[in-house]
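Next come the chains, spelled out residue by residue.
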Amino acid sequence: MAKGQDIVSVIKQQIEQFGAQVTMVDVGTVIEVGDGIARIYGLAGAKYNELLQFPGDVMGIALNLEEDSVAAVILGDDSGIKEGDDVRCTGRIAEVPVGEALIGRVVDPLGRPIDGKGEVKCDKVRPLERVAPNVVARKSVDTPVQTGIKAIDSMIPIGRGQRELIIGDRSTGKTVIALDTIINQKGGDLTCIYVAIGQKASKVAQVVANLESHGAMEHTIVVAANASESVALQYLAPYAGCAIGEEFMEQGKDALIIYDDLSKHGWAYRQLSLLLRRPPGREAYPGDIFYLHSRLLERSARMNEENGGGSFTALPIIETQAGDVAAYIPTNVISITDGQIYVEPDLFNAGIRPAVNVGLSVSRVGSAAQTKAMKKVAGKLKLEMAQYRELAAFAQFGTTELDKATRAQIDRGQRITEVLKQPQFAPVPLEKQVMVLYAAINGYIDDVPVNKVVDFETNFYRFMEAKYSKIGKAIAKEKDISSETEKALKAAISEFKKGFLAG
């Protein structure tokens, strides 16, 4: 009797579904799984970078499309996936939610929140991979990104739409330069994205805490793929951050992204490629390791007015081993970017922080990305520092007595070096930078003892704010030093200096 009822219910079901729309789904079978990689037989219609649905709501991304199989990387836990499981194509390319709702949040490369503040309500998604904007749609870089770091804003300026590499050994202050730049955008119009790739979870938490304590999370999005995450998420992280930033650029806004760091991204991609059985090349990296970073960094641009006039600036970070800038990944990324900021362990250990080596650092956009006020003081500053470096190297041998002019040049160089030192998380606004550098290169601090230069600077800012705040406001507003402002500035510096030296 029961068997008869079963047949009846099956017939009923078939009658109900008669004429229903038939949908075709590409289905394949897992033939091998391990190390976060699944090989799937079938899926003839799968596209490169397409999201695949595994059992138990686990997603994967199709990366190797072979004749009769597809190799996919699994996003998340692969322990529940076994040989013989069905895998379906979703028809969706790997994508990430984008929009204003992400500001102030910490998310993973798939846009899922990891800060415990509830879900992120985004109504728009963007594909992770996208072709970089055309040359015709771009405009030359001419507006500065103020980092608040005196040595960088004056001698290695960064413009909106530029790609400037921060390179150096571990623990030399690369991340600090990037974080200072984010903190300096407080109250400005630049949305910042910090991408942490393969970092310790504790370091990422520390970065977020620092940004929060300085009120910088109000304009910042953090995308984190920690060292404990799967290699697939570490590989996707920079592309996710880039897609989030591109959304702001296309709305005509300005965005800044920090990739911390691309060395670990290269390692993640190497691991992924070897697991996918792609042939290894130099240092076991796959053949397309250059393209991995070039297609990412080329997406940063300054768009022209017809295309919305937005900009997207990138500050990739590369960690060198024992100062070897000529290694494989560093040379690749140096050749893609528009200049590099080289931070050196020797300078760091000598107490010169930020430890920027001004001789090896360069900005290929140069003074085009500086305000007129900064141009007026920076031109002389570069020359003074170059001469100082040459003479200091020569004077090291100490075989000859130095003449008066050489001695004066070295003394001034030492004082400028002191002025360029700066503590962590204390970015300096443009007008203060211009005023103190003006005093330094025009010889106003030549007779201030070297160990008193930092005091001179601190008290000088206070004095200018208290008595001559108009000068700072005029420089900030006009972004230039007019002849009247210069006259007033000279008088103010002389007045302050008298009091300082007497005191």
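Above this text you will find the structure in question.
To start, this report covers the structure provided alongside it.

Reading the values: rules and limits
- Residues numbered from 1 in each chain as written.
- Predicted model: local features only at pLDDT ≥ 70, side-chain atom pairs only at ≥ 80, totals over all residues.
- Heavy atoms only, no water.
- Helix = DSSP H or I, 4+ residues; strand = E, 2+ residues; numbered from the N terminus.
- Buried < 20%, exposed > 50% of the residue type's maximum accessible area, 1.4 Å probe, protein only.
- Contact = heavy atoms within 4.5 Å.
- Areas by Shrake-Rupley, 256 points an atom, 1.4 Å probe, with all protein chains shown as cover.
- Pairing = 2+ DSSP bridges.
- Axes fitted to C-alpha atoms, helices over the stretch in contact; angles between N-to-C directions.
- Parallel < 35°, antiparallel > 145°, perpendicular 65-115°, else oblique.
- Left-handed = near helix turned anticlockwise from the far one by under 90°.
- Nonpolar A, V, L, I, M, F, W, Y, C, P; charged D, E, K, R; others polar.

**Here we look at the overall build of the chain**
Line of reasoning, step 1. The secondary structure content of the chain amounts to 15 helices and 16 strands.
Line of reasoning, step 2. Over its C-alpha atoms, taken along the principal directions, the chain stretches across nearly 110 × 50 × 45 Å.
Line of reasoning, step 3. A buried classification covers 52% of the 503 residues belonging to the chain.
Line of reasoning, step 4. The contacts of the chain with a sequence gap of at least 6 include a subset with a gap of at least 24, amounting to 74%.
Line of reasoning, step 5. In the structure as shown, the chain presents an accessible area of about 23100 Å², 53% of it carried by carbon and sulfur atoms.

**Section: the sheet that holds strand E12 (residues 220-225)**
Line of reasoning, step 1. Within the open sheet, the eight strands sit side by side as E8-E12-E11-E13-E14-E10-E15-E16. Their pairing is mixed. Pairing within the sheet leaves two strands with one partner each, and these edge strands are strand E8 (106-107) and strand E16 (362-363).
Line of reasoning, step 2. Against the sheet, helix H5 (residues 231-250) touches strand E11 (190-197), E12, strand E13 (254-260) and strand E14 (311-319), its axis set at about 175° to E11.
Line of reasoning, step 3. In the packing of helix H8 (residues 328-336) onto the sheet, the strands contacted are strand E10 (165-168), E14 and strand E15 (339-343), and the crossing angle to E10 comes to about 155°.

**Details of the pairing of strand E3 (residues 50-54)**
Line of reasoning, step 1. Burial analysis of E3 places four of its five residues in the buried class, which makes it a mostly covered element.
Line of reasoning, step 2. In this structure, E3 lies alongside strand E6 (residues 86-93), joined through three bridges in antiparallel fashion. Considered in E6, the bridge of leucine 52 is made with cysteine 89.
Line of reasoning, step 3. Bridge count for E3 against strand E4 (residues 58-65) is four bridges, and the pairing is antiparallel.

**Some remarks on the sheet that holds strand E1 (residues 27-34)**
Line of reasoning, step 1. What the six strands build is a closed barrel, ordered E1-E2-E5-E4-E3-E6; its pairing is antiparallel. Adjacent strand axes in the sheet meet at a mean angle of 45°, parallel and antiparallel pairs treated alike.
Line of reasoning, step 2. Bridge count between E1 and strand E2 (residues 37-42): six bridges; the pairing is antiparallel. Its bridge partner lying in E2, glycine 28 is registered against glycine 42.

**Quick word on the packing of helix H12 (residues 430-441) against helix H14 (residues 469-478)**
Line of reasoning, step 1. Packing of H12 against H14 leaves a shortest axis separation of 8 Å and a crossing angle of 115°. Classified by the interaxial angle, the pair formed by H12 and H14 is roughly perpendicular. H12 and H14 meet at a crossing whose hand is right-handed. Residue-level inspection shows Glu431, Val434 and Met435 of H12 in contact with H14, the latter providing Ile471, Gly472, Ile475 and Ala476.
Line of reasoning, step 2. Here the residues of the contact of H12 with H14 are counted per class, giving five nonpolar, one polar and one charged.

Just geometry here; none of it tells us what the structure is for.
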